[in-house]
Amino acid sequence: MRVALFVPCYVDAFEPEVGIAALQLLRRFGIDPEYPFDQTCCGQPMVNSGCHEEAAATESLFVRNFAEYDYVVAPSGSCTHQVRCHMTAIPQTDEVRHVRENTYDIVEFLHDVLKVDGFPWAEFPHRVSYHDNCNALRGIGHSSASELRGERYSKPLDLLRMVKGVELVEKSRPDECCGFGGTFSVFEPAVSAKMGHDKVRDHMQAGAEYVVSADSSCMLHQKGCASRLGVPLKFLHIAQVLNGDRA
Amino acid sequence: MNTQDQGSERQSPSDLIHPEMQRHDDGGARGKDGQRLDHAEGNSRPLGTDASEAQPRGAKVRGHRPIDHNEAAARFIAAPEHQKMHDERLWDLRQKRDRQMHAIPEWEELRDLASRIKQHTLTNLAEYLEQFEANARANGIHVHWAEDGAAHNRIVHGILADHGAKRLIKSKSMLTEETGMRHYLESMGIELVETDLGERIQQLDDEPPSHIVVPATHKLRSDVAGIFAEKLGTDPDNWDAHYLAEQQREKTRPLILDADAGLTGANFAVAETGTFVVCTNEGNADLSANVPPLHIASIGIEKLIPRTADLGVLIRLLSRSALGSPMTQYTSHFRGPRDGGEMHVVLVDNGRSARLGMEEFWTSLKCIRCGACMNTCPVYRRSGGLSYGATYSGPIGLILDPTFDKRRYSTLPFASTLNGSCTNVCPVKINIHEQIFTWRKVLAAEHSIGATKQVMMKAAGAVLSHPKLYRSAIAAADSALKILPSFVVANPLNSWTEGRDMPEAPRETFHQWYSRTGGDTETKA
């Protein structure tokens, strides 16, 4: 099995530890992912703004970087959603379809492909509030959404429950958007920041010490809000917790 | 966590609820068993605050210039009493909706059926409209056709003029908001009285409805007291909901009893019977329809459904989705004029046929105007309906509004985080957030998203598609903050830091770490 690691631009620039944790975590399960050197971004910032034409070259580059692998694994539900559901600015060749169909978020890869049953090296004796990125939640089905009637499930919580010491806390609005929304955070700063402030308060009210998510982008935004409000929350990517990283 | 949200009554953390909202019991609407009534009107939670905060007004509309939603939203958020109340009130409706959903095992099948009924009707709309017209005429209803809003307004005025009618009472209708009927008729010398309480408040305040189901939901009771004091002569310091409602009833009821004509909308028009159905909670549509001798119903052509039996699906979904109540207090079926009376139906297109021809957006015509997408929308709840500067606000508005004025509403599809909650609550399964996403694509392809945004995206695309440019852009930590992700933290609008702190840049990027260590995870960053 040839697996490539995709490190999204946010993670590359701001949260390199997340990429390192994802790499180490996959190795713990006997996967030795390659890191294609010319990778940059999935194209979501442009596509999210409607600018598909402006995203085409970035999407082509993504496919060139990852076409030769059986799986592409990314520590991001949102970027995975972009690749799987929205990478349509370029002609849909066999190569493009192969990449789109075989790109997985690390939560899905562990849960659905590797079907892991434990993280014996990990211990995290903290109260954790899990944040579902909306694209991960409703876009690629990380968890069941509260608006739909049906069986409740959550892949990330399934994984976190395998980590010794983790105590999951419950927010009053479990899957309300945090207001990041990609370029929404720039073009609608008032609502974006307000939503972020409300989200951070909800984590606090729930008694969380740590906010854990599969998406660094939402956490970048929430971290900025928490810092502004003077709220002492700590933020970690789920790959870090599963890898046994200590904060 | 979210696996637990089965609609049980949970205590919210105390300070997430506005403190004024839980200060005391209002002695408000209660049933015989002493329990607070759970329907919309019984659920007005008191603020009881002594501090009066001025009501933030809506978006500034300047001709065809794009609406600045962020500007209006910022003013709404800067009025914390209003914003908090608005968010809590609508979130409460969303939670009630969830409880109704959990009480109905076949909920998702109902949504699917409802979607198919509406889709089938829209696909065969011409036939069903003709069938409706023929059956309605056979029932003794006068049927009129209006191509656009102006034609509708003229037809309504013509009917009123024919009868020498001077005063029109009306129930809630988003369609007549679309057509600007109120102002038109007033300019023609017709006195128009809204009979829905929320709409009456909005009329007295000369504001459009901010929500398609609960039109004055953005107002505090102190706002209402102020308006009533000015317009109805009530006590400005008495904010008691019952006092205000009773005063309004006393002042408005004589106008209703004396009216020359009544106008309603319709929630559904049934082709096989030529009948139409109006769902309200206040019974005001029945007053409007039944008190005066002349009843006019303005109906958008997308309101058609084939059979009475289809109501069994749609009515079950409508109020549960809208207000989280099993059904509206009144579900009135109108078949024809009563003895000595006259009934007119105006079937209105006003852009609907054109929308039906839009491949990406035609299914938005399935909308039954329940407002569930607005109640669940985290952006709507925080910005208020008037911040959209349009007849339709919230998620469904972002799809509909650009079909009315593409330039003025070109910014609205960006007033969304694309979180997808709207799509999940929609009782007729409109893929709302995907259509919002598609609008962005359509507008960008036409270069209608604003030059700043498009230039930023072009620059981002150029950097992100060239590994060397990308690497050099983020090579140094401080330049990473300046350039990557340029579309977020160092955007030319400099908007990130308005409510958030900047992220700290790490000593080295992942790429630099990998280059330095060869991916040896024992050598940490």
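Heads up: the structure comes first, above all this text.
What counts, and at which threshold
Residues numbered from 1 in each chain as written. Chains lettered and ligands numbered in written order. Predicted model: local features only at pLDDT ≥ 70, side-chain atom pairs only at ≥ 80, totals over all residues. Heavy atoms only, no water. Core = buried A, V, L, I, M, F, W, Y, C linked by side-chain atoms within 4.5 Å. Buried < 20%, exposed > 50% of the residue type's maximum accessible area, 1.4 Å probe, protein only. Contact = heavy atoms within 4.5 Å. Salt bridge = Lys/Arg side-chain N within 4 Å of Asp/Glu carboxyl O. Helix = DSSP H or I, 4+ residues; strand = E, 2+ residues; numbered from the N terminus. Buried area = accessible area lost by both parts, 1.4 Å probe. Polar contact = N/O pair within 3.5 Å; in protein donor to acceptor, adjacent residues only side chain to side chain. Nonpolar A, V, L, I, M, F, W, Y, C, P; charged D, E, K, R; others polar.

**Digging into the nonpolar core**
Within the largest apolar cluster, 91 residues are counted, with the highest numbers of intra-cluster contacts made by Phe 268, Leu 314 and Ile 432 of chain B. Apart from the residues within four sequence positions on either side, Phe 268 of chain B is in contact with Thr 275, Phe 276, Val 277, Cys 279, Lys 303, Ile 305, Leu 311, Leu 314, Ile 315, Leu 318 and Ile 368 of chain B. Val 18, Tyr 35, Val 166 and Val 241 of chain A belong to the second-largest nonpolar core, a separate cluster that totals 42 residues.

**Description of the pattern of salt bridges**
Counted by the stated rule, this structure contains 50 salt bridges over all chains. Here Asp 198 of chain A and Arg 201 of chain A are joined by a salt bridge, their closest N and O atoms 3.1 Å apart. You can see Asp 198 of chain A and its partner Arg 201 of chain A sitting in helix H11 (residues 189-205), 3 residues apart, about one turn around the helix. A salt bridge links Glu 106 of chain B to Arg 316 of chain B, with the nearest nitrogen and oxygen atoms 3.0 Å apart. You can see Glu 106 of chain B sitting in the loop between helix H2 (80-103) and helix H3 (107-123) and its partner Arg 316 of chain B sitting in helix H12 (residues 311-322), a full 210 residues away along the chain. Looking at Glu 106 of chain B, the relative accessible area reads 27%, which means it is partly exposed. A cluster of three or more residues bridged by salt bridges with shared partners is formed by Arg 173, Glu 176, Lys 194, Asp 198 and Arg 201 of chain A together with Asp 87, Arg 381 and Arg 382 of chain B.

**Observations concerning the interface of chain A and chain B**
With 87 residues of chain A in contact, the opposing surface of chain B contributes 95 residues. In total, about 8,000 Å² of surface goes out of reach between chain A and chain B, with carbon and sulfur atoms giving 62% of it. When the buried surface of chain A facing chain B is broken down by residue, Phe 14, Arg 149 and Phe 187 of chain A rank first, second and third, together holding 10% of it. Viewed at the interface, chain B and chain A are joined by 7 salt bridges. One salt bridge in this structure joins Asp 87 of chain B and Arg 173 of chain A, with 2.9 Å as the shortest N-O distance. Summed over the shared surface of chain A and chain B, the number is 34 residue pairs in polar contact (both at pLDDT 80 or more). Counting only elements with at least two residues in the side of chain A that touches chain B, the list comes to helix H1 (9-14), helix H2 (16-28), helix H3 (44-48), helix H4 (52-66), helix H8 (134-139), helix H10 (184-187), H11 and helix H12 (216-229) of chain A. When residues in the side of chain A that touches chain B are grouped by element, the largest group, 11 residues, is from H11 of chain A. Here the side of chain A that touches chain B is built from residues that sort into 40 nonpolar, 27 polar and 20 charged.

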